[in-house]
Amino acid sequence: MAKTVIHYLCNACGGVQSRWMGKCPDCGAWDSLDKFSESREKGGSAIQGLVEIWAGDDSGDHQLEKAKAIPLPDIKTADIDHHPTGIGELDRVLGGGFVAGSVILLGGEPGIGKSTLLLQAAGSMAKKQDRVLYVTSEESAYQTRLRARRLFEDALDEVEKEEGAKTALDDLYVLADTNLARIIEQARTVQPRVMVIDSIQMVYKSDLEAAPGSVAQIRRCCMELVFLAKATGMTIVLVGHVTKDGQLAGPKMLEHLVDVVLTFEGDRHHSHRVVRGTKNRYGTTMEVGLFEMTGRGLCELTDASMLPDPSAVTLPGSVICPAIHGTRCLLLEVQALTATGFLGSAKRRSSGLDANRLAMLIAVLEKHGGLRLADQDVFVSAVGGIKVVEPAADLALCLAIAGAHYSKVIDPGTAVVGEVGLGGEIRSVHQVEQRVREVKRRGFGRIILPENLIRAVEQPGVELQGVRTISEALEALSAGPHGKR
Ligand code: TYD
Ligand code: MG
């Protein structure tokens with residue numbers, strides 16, 4: 001007989017408790033435990049039930065292997081087989097493509113382009129005759145079809161002219177459903193290589209009392225899908241929403257359950273988008289994929305198209321920095337603005353740069369650079385919507401703030417790199433050769449860098465200006481065309 005079990009689930013961290021408590025013992029959140037009950041069939045959990053449905057008609061391919069502990073050296077190894085999606089920038093972040101039996105979670109703010117990216121990836125795989133099931137639990141099948149018309153106009157031409165005609169996208173299946181059991185049943189029928197679930201927050205399991213979108217539902221649905229992927233070798237891609245502060249909505253536990261976590265970043269008001277890996281059990285998390293949102297979907301960005309122009313007149317408060325993103329070096333522009341504020345409550349705001357780092361750099365500029373910023377509001381931003389997270393951008397940021405404050409510029413064609421220490425010293429950065437090479441390749445003539453790195457660069461091809469302290473670096477600022485006016 002079915003037995004009902006009652007749990008208390010924390011809606012902050014996803015921890016399960018057997019009794020109600022005012023404070024979650026796992027994450028310390030107050031008043032976050034919600035009661036939920038589930039019925040458990042005798043002799044097995046509901047998870048196994050679903051996989052058994054799948055395995056029911058099959059002759060062993062999908063059967064779970066019987067577990068048996070074996071010595072480590074006896075484990076057979078094989079290279080992890082990455083199956084490319086055909087979208088180069090996405091494959092780069094994934095470490096080569098989708099791995100069979102893995103679960104990928106793609107998070108990002110609403111409207112950033114998650115559905116667009118995954119539909120494009122699904123279409124690209126379908127064109128290579130890899131079967132994909134795209135489960136749309138937020139939009140209707142009709143809306144997905146409309147989006148597809150925008151993305152794959154040519155591929156759908158035939159069928160628009162003549163119903164039933166063969167197209168390149170015949171291996172792309174769409175299902176508009178939110179019920180997990182029905183989704184799994186359809187996956188069994190379609191037998192896709194990859195299943196996309198857009199989004200996991202909307203999927204529910206009918207025998208759970210909890211409401212769709214609640215932590216209990218997301219947790220259970222995600223667990224079952226992970227189990228399904230492992231048991232069948234299908235790759236499952238889950239779309240997850242993020243909350244206002246950028247965390248994946250629902251508990252952190254979702255990230256623990258899956259193999260790969262990707263975040264889709266970018267500013268909705270800019271066209272640049274970045275896919276970043278924050279967890280990857282099959283590859284590095286260093287890589288980023290760059291895209292541009294256009295009228296016909298996401299275009300891969302070759303780094304040439306997003307470049308600052310070396311001959312452009314620089315403005316006070318604007319500095320170019322060679323930043324490393326994964327294995328690539330990108331020249332990015334950081335900008336600063338200072339304006340009169342109130343002593344004691346001056347604002348410090350950053351967009352695309354670390355706010356704590358900014359506070360530290362302002363303190364260094366005050367103490368060792370002679371700037372008076374206590375009554376100045378300071379705003380900094382990474383231009384183009386690509387985040388700069390490296391400490392190697394410190395010096396560029398300092399020169400941008402000082403430039404904005406004194407209305408001085410850096411000579412056109414100059415890039416700046418270096419980490420700033422608390423003592424005002426300029427510290428070395430890694431991969432300096434690669435940065436210098438990129439600066440040269442982009443047509444910039446000079447680079448300001450930590451002095452001790454000058455010897456490390458052989459055949460620079462650009463003028464190297466070494467600096468040891470922040471005050472030395474500030475001397476690089478000149479009145480420029482704006483100051484002379
Ligand atoms: P979408 O993929 O729906 O975002 P998400 O799934 O992350 O919520 O993308 C939404 C935005 O992208 C929408 O505002 C319109 C824009 N867009 C384009 O600019 N070009 C396109 O070809 C497509 C399909 C969308
Ligand atoms: Mg969407």
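Look up a bit, the structure's there.
The text that follows walks through the structure, step by step, so that each part is easy to find. Since the model is a prediction, treat every value here as computed from it, not as a measurement. (Residues numbered from 1 in each chain as written. Chains lettered and ligands numbered in written order. Predicted model: local features only at pLDDT ≥ 70, side-chain atom pairs only at ≥ 80, totals over all residues. Heavy atoms only, no water.)

So, the packing of aromatic side chains
The line we're drawing: Under the pairing criterion, centres of Phe, Tyr and Trp rings, with the six-membered ring standing for Trp, must be within 6.5 Å; the plane angle then separates stacked pairs below 30 degrees from edge-to-face pairs above 60, leaving the rest tilted. Numbering goes from the N terminus for both helices and strands, where a helix is a DSSP run of H or I of at least four residues and a strand is a run of E of at least two. Partly exposed residues are those whose accessible area sits between 20% and 50% of the maximum for their type, while under 20% is buried and over 50% is exposed, using a 1.4 Å probe and protein chains only.
Throughout the structure, instances matching the rule amount to 1 aromatic pair. Their ring planes at 80 degrees and their centres at 6.5 Å tell us that F264 and F291 sit as a pair that is edge-to-face. Taken together, the residues span a long stretch of sequence, with F264 in strand β11 (residues 260-266) and F291 in strand β13 (residues 288-294) at a distance of 27 residues. Given a relative accessible area of 1%, F291 falls into the buried group.

Section: helix α4 (residues 141-151)
Condition: Directions are taken from the helix axis to each C-beta atom, and the arc is the one they span. By the convention used here, residues are in contact when the closest approach between their heavy atoms is within 4.5 Å.
Taken as a whole, α4 has its buried residues at T144, A148 and L151. One face of α4 carries all of its buried residues, which in axial projection span an arc of 60 degrees. The exposed set on the far side of α4, more than 90 degrees from its buried face, consists of Y142 and R150. In the core, the buried residues of α4 are packed alongside α3 (114-127), β7 (132-136), α5 (153-161), β8 (172-175) and β14 (297-300).

Description of the site of ligand 1
Condition: One heavy atom within 4 Å of a molecule or strand makes the whole residue count as near it. Between N or O atoms, a polar contact is any pair within 3.5 Å; within protein, one atom must be a potential hydrogen donor and the other a potential acceptor, and residues adjacent in sequence are included only when both atoms are from side chains. Accessible surface is estimated by sampling points in the Shrake-Rupley manner with a 1.4 Å probe; for residues, cover comes only from the protein chains shown.
Near ligand 1 there are 16 residues, and of these G111, S115, T116, T294 and G297 occur at the shortest range. Taking I112, its main chain carries an N or O atom lying 3.4 Å from an oxygen atom of ligand 1. Take G295: an N or O atom from its main chain is 3.2 Å from an oxygen atom of ligand 1. Protein chains bury 74% of the 560 Å² of accessible surface belonging to ligand 1 in isolation. Going through the elements one at a time, α3, α4 and β13 are the ones with two or more residues in the shell around ligand 1.

Overview of the packing of helix α9 (residues 355-369) against helix α10 (residues 394-406)
The following threshold applies: To get an axis, a line is fitted to the C-alpha atoms, and for a helix only the part in contact is used. The angle between two axes follows their N-to-C directions and goes from 0 to 180 degrees. It is the rotation of the near helix from the far one that decides the hand of a crossing: anticlockwise by less than a right angle makes it left-handed, clockwise makes it right-handed. We call Asp, Glu, Lys and Arg charged. Ala, Val, Leu, Ile, Met, Phe, Trp, Tyr, Cys and Pro are nonpolar, and the rest, Gly among them, are polar.
For the pair α9 and α10, interaxial distance at closest approach is 10 Å and the crossing angle is 60 degrees. The handedness of the crossing between α9 and α10 comes out as right-handed. On α10, the residues touching R357, L358, L361, I362, L365 and G369 of α9 are D394, L397, C398, I401 and Y406. Looking at side-chain class alone, the contact of α9 with α10 contains 8 nonpolar, 1 polar and 2 charged residues.

Structural notes on unusual backbone geometry
Of note, the amide linkage connecting D198 to S199 takes the cis form, showing an omega dihedral of 10 degrees. For S199, the position within the fold is in the loop between β9 (194-198) and α7 (215-232). Positive phi is not limited to glycine here, since Q191 has a value of about 55 degrees. Inspection of the secondary structure puts Q191 in the loop between α6 (180-190) and β9. Look at Q459: it is not a glycine, yet its phi comes out positive at around 45 degrees. Relative to the assigned elements, Q459 resides in the loop between β22 (446-450) and β23 (463-467).

Bear in mind that shape data such as this cannot, by itself, settle questions of function.
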